Protein chains: 2
Amino acid sequence: MSKLDRSHDPARRSWVAGADGHADFPIQNLPFAGSSGGVVVAIGNHALRLADAIDAGLGTGLGLDAGLFRDPTLNRYLRGTSAGDWTALRLAISDALADATWQPRLAPCLDPIDATVLQPAVTTRDYTDFYASIHHATNVGSMFRPDNPLLPNYKWIPIGYHGRGSTIVGDGTPIRRPAGQTRPAGDETPTVGPSRSLDYELELGIIIGGENAIGEVVPASQAMDRIFGVVLLNDWSARDLQAWEYQPLGPFLAKNFASTVSNWLVTRDALRPFEVPMPARPTSDPHPLPYLQVPEDVTWSLDLAVDLATAAMRDRGDAPFRVSSTRFATSMYWSPAQLVTHHASNGCALLAGDLLGTGTVSGPAPEARGCLLERTWRGSEPLALPDGTDRRFLEDGDEVSLSGRAMGGGAIPIGLGPCRGIVQSG
Amino acid sequence: MSKLDRSHDPARRSWVAGADGHADFPIQNLPFAGSSGGVVVAIGNHALRLADAIDAGLGTGLGLDAGLFRDPTLNRYLRGTSAGDWTALRLAISDALADATWQPRLAPCLDPIDATVLQPAVTTRDYTDFYASIHHATNVGSMFRPDNPLLPNYKWIPIGYHGRGSTIVGDGTPIRRPAGQTRPAGDETPTVGPSRSLDYELELGIIIGGENAIGEVVPASQAMDRIFGVVLLNDWSARDLQAWEYQPLGPFLAKNFASTVSNWLVTRDALRPFEVPMPARPTSDPHPLPYLQVPEDVTWSLDLAVDLATAAMRDRGDAPFRVSSTRFATSMYWSPAQLVTHHASNGCALLAGDLLGTGTVSGPAPEARGCLLERTWRGSEPLALPDGTDRRFLEDGDEVSLSGRAMGGGAIPIGLGPCRGIVQSG
């Protein structure tokens, strides 16, 4: 699909000890994360301090401003650059980490990842959540509207809504169970208290680079070039609050108490070897409207999973329980490029660092459903856990871990970074 | 209601020429606006450069950092301060502008407002729009759900949803008509093109000061102290896009192409003389749940209005046509404090500069309906304009101007600043 360069060469090796063969961060990945000391790049078990590396000569000739990378996040850099710049920076980093003559200059810029306090690679002002998995939309719709699961607009328009920027948190941040209004079935009067139906949502988050002004669209042919990369996204949801509040304007307090993203941002460039065509739509489905027709449209060959570990399981040293695993590429009705171009089709300004969640990624099989609402079918089919308990929804002490791996195409597999949260009592 | 101080004294006069008797900005108002050169305060027809005034001695003893006010907006200042600080700063400004011995030091800090390029007083990261006018909710509900206009949750929970931060613009910014998908009644297939049902929405916008951390609530008794002030807000809406896209997750592209706020931010302190009790609810309505019970709950005695001037009317020098006028205090089912405390009731972090729209402010009478959707009853009752045309929805060249005045209680009336936008072809 996309043009590959030497940074994608499966034979490329790094002089950084432990990088070759690393499950997540071989030299073919090179994801970014934020930290109070500046932006870092993962190589194996190490974090490269990018500003220091530029000061040491990395990227000479690219006109890079090292100071931008002393910011805790990539936002300022992404505001003023575009896809060609990002590709050139990646290549410079890859070349330097592949060529042992750079070791004397760059080894002092490496820290063990474990010794670095990471934060998300970007600060998000505007967070949009889509609803792009048709299996998720059909499952949820059939619970709430049994005779009308998929609404008439679904196959025409990528459904989305705005989430909250202020409550986006990084990997490992504890999640406090929210309180709110619920109205139990059959009751006349709502009650207030901690949510009893706390859920996770397995999503992929698209991170925007560059900026279009208000009133400017992003044509379908240019949409992929506005995607700087992706993160894992857990859009925690309180289903009981959601059911009571969401009519007629959509989810609000049921969703905006916390959304966890992985700190590591895997670039679109790193994902190029894993680009695959969007699955063909059934011939009975409508053809996308012209503005949503993306030339050679692609998605990513990504395996995503959710693991759950209760406090008791962690105490006993049990392995986490795999709640679900799903394939991104075949779960989505709308492609990444379609989400971007649709979002800007009314002239909405997309800004550097914006987060576009795909919505819950659910495949057709029960074990491929990306949230407990679907996985336990609204609590009616509880999951039996290794510690002898079962789960309809999340309980205090539960740790939810999202993970993702890109594989296939003869390329070296790469991993998305961890995206974890432990539920605390509300 | 609230404690008044000498800054509210109706007898207070200013040494600034033209301030006394100014319709909007007498010394009893003192609203803030942003500018590239720093934050300014309105006094009559003049803008006081606040940082320069502090350098000249204003507020000595308050520990003010003049540098914060050289920022183009108030965000940094509002992040680290609270209600007591805001009151003290207002009093210092009022005292200095009332006492002619300050004239030699402060006159050099004054510019004509007309010579200053203003911008909104704060940058908003998270914009939430509520639905707090029961007349608006009932009118809109009866168009879309004739047998079920007001949903069962309305009188229990303040309904709200998230809007978009990146497309908030200041007074006078041209508004480009958005394009998007619509599905005309009876058609099977949607079409794409410029909206044919572009509308305004007359709203009041609450601006948040201070910050609560994720997981912290804002108790009802403290909610008013998180309100730094208010702006006028026009939440432009494309009704045809909205009707097709909004199920099941709420409005998205129909709303996020532009939202206009007044550049002048009128403080909660300036509105204290205009505080009035929230209207009593009908005895048949539910009593607010405990977390929504605000001690001595108040709203503001504000008259709001919408004026419309077509391009032809402006060319001919016609006065704008008053489309609607409404009273804020008696139009709202939920109070400002209730909106704030509800928003944070799940631990959602409210940050300095956040914008909480009230939703369209509609009173019970037809001429008090705050958007064209209601005013023309979905286009079925067009408005006849002085230039001989009529309006179902907005046409290119139309200028919409929102205005607001606080009156009553023996106080000097004050005005909210202008909030205008001209529709451009899409």
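Residues numbered from 1 in each chain as written. Chains lettered and ligands numbered in written order. Predicted model: local features only at pLDDT ≥ 70, side-chain atom pairs only at ≥ 80, totals over all residues. Heavy atoms only, no water.

Observations concerning the relation of the copies chain A and chain B
Overlay of chain A on chain B (RMSD 0.0 Å): rotation 180°, translation along the axis 0.0 Å. In short, the pair behaves as if placed about a two-fold rotation axis. Relative to the rotation axis, the C-alpha of Gly250(A) is the closest in chain A, positioned 2.2 Å from it. (Least-squares fit on C-alpha atoms with pLDDT ≥ 70 in both.)

Quick look at the sheet that holds strand E1 (residues 32-35) of chain A
Residues and elements named next belong to chain A. Strands sit in the order E4-E3-E2-E1-E5 across an open sheet of five strands; the sheet is antiparallel. At either end of the open sheet lies a strand with only one pairing partner, and these are strand E4 (110-112) and strand E5 (118-119). Across four bridges, the pairing between strand E2 (residues 40-43) and strand E3 (residues 46-49) is antiparallel. Residue pairing across strands places Ala-42 opposite Ala-47, the latter belonging to E3. (Pairing = 2+ DSSP bridges. Helix = DSSP H or I, 4+ residues; strand = E, 2+ residues; numbered from the N terminus.)

Things to note about the confidence of the model for chain A
Summing up the model confidence of chain A, the mean pLDDT is 97 and the portion of residues at 70 or higher is 100%. Model confidence for the complex: the whole-complex pTM is 0.97, and ipTM, which rates the interface, is 0.97. (pLDDT = per-residue confidence, 0-100.)

Quick notes on the side chain of His343(B)
Inspection of the secondary structure assignment puts His343(B) in helix H9 (residues 336-343). Apart from residues no more than four positions distant in its own chain, His343(B) is found in contact with Arg164(A), Phe252(A), Leu253(A), Asn256(A), Thr128(B), Phe130(B), His162(B), Cys348(B), Leu350(B) and Leu356(B). (Contact = heavy atoms within 4.5 Å.)

Quick word on the interface of chain A and chain B
Counting from both sides, the interface comprises 58 residues of chain A and, opposite them, 58 residues of chain B. A per-residue breakdown of the area chain A buries against chain B is headed by Arg164(A), Leu249(A) and Phe252(A), which together make up 14% of the total. Counting every contact that joins chain A to chain B gives four salt bridges. Among the salt bridges present, the one from Arg164(B) reaches Asp354(A), with a minimum N-O distance of 2.7 Å. The interface formed by chain A and chain B contains 34 residue pairs in polar contact (both at pLDDT 80 or more). Elements with a minimum of two residues in the side of chain A that touches chain B: strand E6 (127-130), strand E7 (160-162), strand E10 (179-182), helix H6 (239-245) and helix H9 (336-343) of chain A. With three residues, the top contributor of residues to the side of chain A that touches chain B is E7(A). Each residue belonging to the side of chain A that touches chain B can be placed in one class, and the counts come to 29 nonpolar, 20 polar and nine charged. (Buried area = accessible area lost by both parts, 1.4 Å probe. Salt bridge = Lys/Arg side-chain N within 4 Å of Asp/Glu carboxyl O. Polar contact = N/O pair within 3.5 Å; in protein donor to acceptor, adjacent residues only side chain to side chain. Nonpolar A, V, L, I, M, F, W, Y, C, P; charged D, E, K, R; others polar.)

Examining the environment of Ser237(B)
All names here are of chain B. With respect to the element layout, Ser-237 can be found in strand E15 (residues 237-238). Given a relative accessible area of 0%, Ser-237 falls into the buried group. With 134 residues separating them in the primary sequence, Ser-237 and Cys-371 have C-alpha atoms 9.4 Å apart. Ser-237 has contacts with Ser-197, Leu-198, Asp-199, Glu-201, Gln-242, Ala-254, Lys-255 and Phe-257, leaving out every residue within four places of it along the chain. Engagement of the side chain of Ser-237 in a polar contact is seen with the backbone oxygen of Asp-235, the distance being 2.9 Å. Polar contacts involving the side chain of Ser-237 include one to the side chain of Lys-255, which spans 3.0 Å. (Buried < 20%, exposed > 50% of the residue type's maximum accessible area, 1.4 Å probe, protein only.)

Quick word on the layout of surface pockets
Its volume calculated, the largest pocket comes out at about 1,200 Å³. In this structure, the largest pocket is lined by 40 residues; those nearest its centre are Arg79(A), Thr123(A), Arg125(A), Thr123(B) and Arg125(B). Secondary-structure elements contributing two or more residues to the lining of the largest pocket are helix H2 (75-79) and strand E8 (168-170) of chain A together with helix H2 (75-79) and strand E8 (168-170) of chain B. Residues that form the lining of the largest pocket fall into these classes: 18 nonpolar, 14 polar and eight charged. Counted as a void, the second largest pocket has a volume near 760 Å³. Lining the second largest pocket we find 25 residues, and of these Arg183(A), Arg239(A), Asp240(A), Ala243(A) and Trp244(A) sit closest to its centre. Put simply, the parts of the chain that give the lining of the second largest pocket at least two residues each are E10, strand E11 (191-194) and H6 of chain A. Its residues placed into classes, the lining of the second largest pocket shows twelve nonpolar, seven polar and six charged. (1 Å grid on protein atoms, 1.4 Å probe; cavity = no way out; pocket = protein on both sides within 12 Å on 5 of 7 lines; lining within 4 Å. Points joined across faces, edges and corners; volume = space filled by probe spheres on them.)

Quick look at the pairing of strand E1 (residues 32-35) of chain B
Residue and element names in this part refer to chain B. Burial along E1 is two-sided: Phe-32 and Gly-34 facing one way and Ala-33 and Ser-35 facing the other are all buried. Two elements, E1 and strand E2 (residues 40-43), share two bridges in a ladder whose sense is antiparallel. When the bridges of E2 are listed, Phe-32 appears paired with Val-41. Taking the residues between adjacent antiparallel strands as the criterion, E1 and E2 are bridged by four residues, where Gly-38 takes a positive phi near 130°. Bridge count for E1 against strand E5 (residues 118-119) is two bridges, and the pairing is antiparallel. Of the residues in E5, the one forming a bridge with Ser-35 is Leu-118.

Looking at the packing of aromatic side chains
This structure, assessed with the given rule, holds 18 aromatic pairs over all chains. When the ring of Trp86(A) is compared with that of Phe228(A), the centres are 5.1 Å apart and the planes differ by 85°; the resulting orientation is edge-to-face. With Trp86(A) in helix H3 (residues 83-98) and Phe228(A) in strand E14 (residues 227-234), this pair connects stretches of sequence that are 142 residues apart. Considered together, Trp86(A) and Phe228(A) belong to a single accessibility category, that of buried residues. Pairing Phe69(B) with Tyr77(B) gives two aromatic rings, centres 4.8 Å apart and planes at 45°, and the pair type is tilted. Each residue in the set Tyr131(A), Tyr154(A), Tyr333(A) and Trp334(A) is aromatic and connected to the rest through ring pairs, giving one cluster. Between the NZ or CZ atom of Arg105(B) and the centre of the ring of Trp102(B), over which it lies, the distance is 4.1 Å. Residue placement shows Arg378(B) over the ring face of Phe144(B); its charged tip is 4.3 Å from the ring centre. (Phe/Tyr/Trp six-rings, centres within 6.5 Å; stacked < 30°, edge-to-face > 60°. Lys NZ or Arg CZ within 6 Å of the ring centre and 35° of its normal.)

Brief notes about the pattern of salt bridges
All names here are of chain A. Inspection of every chain in the model, using the stated rule, returns 48 salt bridges over all chains. A salt bridge links Asp-95 to Arg-12, with the shortest nitrogen-to-oxygen separation between them at 2.8 Å. Here Asp-95 is found in helix H3, whereas its partner Arg-12 is found in the segment before E1, with 83 residues between them in sequence. For Asp-95, a relative accessible area of 21% translates into the label partly exposed. As a salt-bridge pair, Glu-201 and Arg-239 come within 2.9 Å of each other at their nearest N and O atoms. Separated by 38 residues along the polypeptide, Glu-201 in the loop between strand E12 (198-199) and strand E13 (202-208) and Arg-239 in helix H6 bring together distant segments of the chain. On the basis of relative accessible area, Arg-239 is assigned to the buried category, the value being 9%. It is possible to trace a salt-bridge network through shared partners that takes in Arg-49, Asp-52, Asp-55, Arg-70 and Asp-111.

Some words on the sheet that holds strand E4 (residues 110-112) of chain B
Across the sheet, five strands lie side by side as E4-E3-E2-E1-E5 (chain B); this open sheet has antiparallel pairing. Among the strands making up the open sheet, the edge pair consists of E4 and E5 of chain B.

Concerning the environment of Ile206(B)
All names here are of chain B. Mapped onto the fold, Ile-206 is located in strand E13 (residues 202-208). Of the residues examined, Ile-206 reaches a relative accessible area of 0% and is grouped as buried. Sequence-wise, Ile-206 and Thr-358 are 152 residues apart; in three dimensions their C-alpha atoms are separated by 7.6 Å. Residues contacting Ile-206, with those up to four places away along its chain left out, are Ile-227, Gly-229, Pro-336, Leu-339, Asp-354, Leu-355 and Leu-356.

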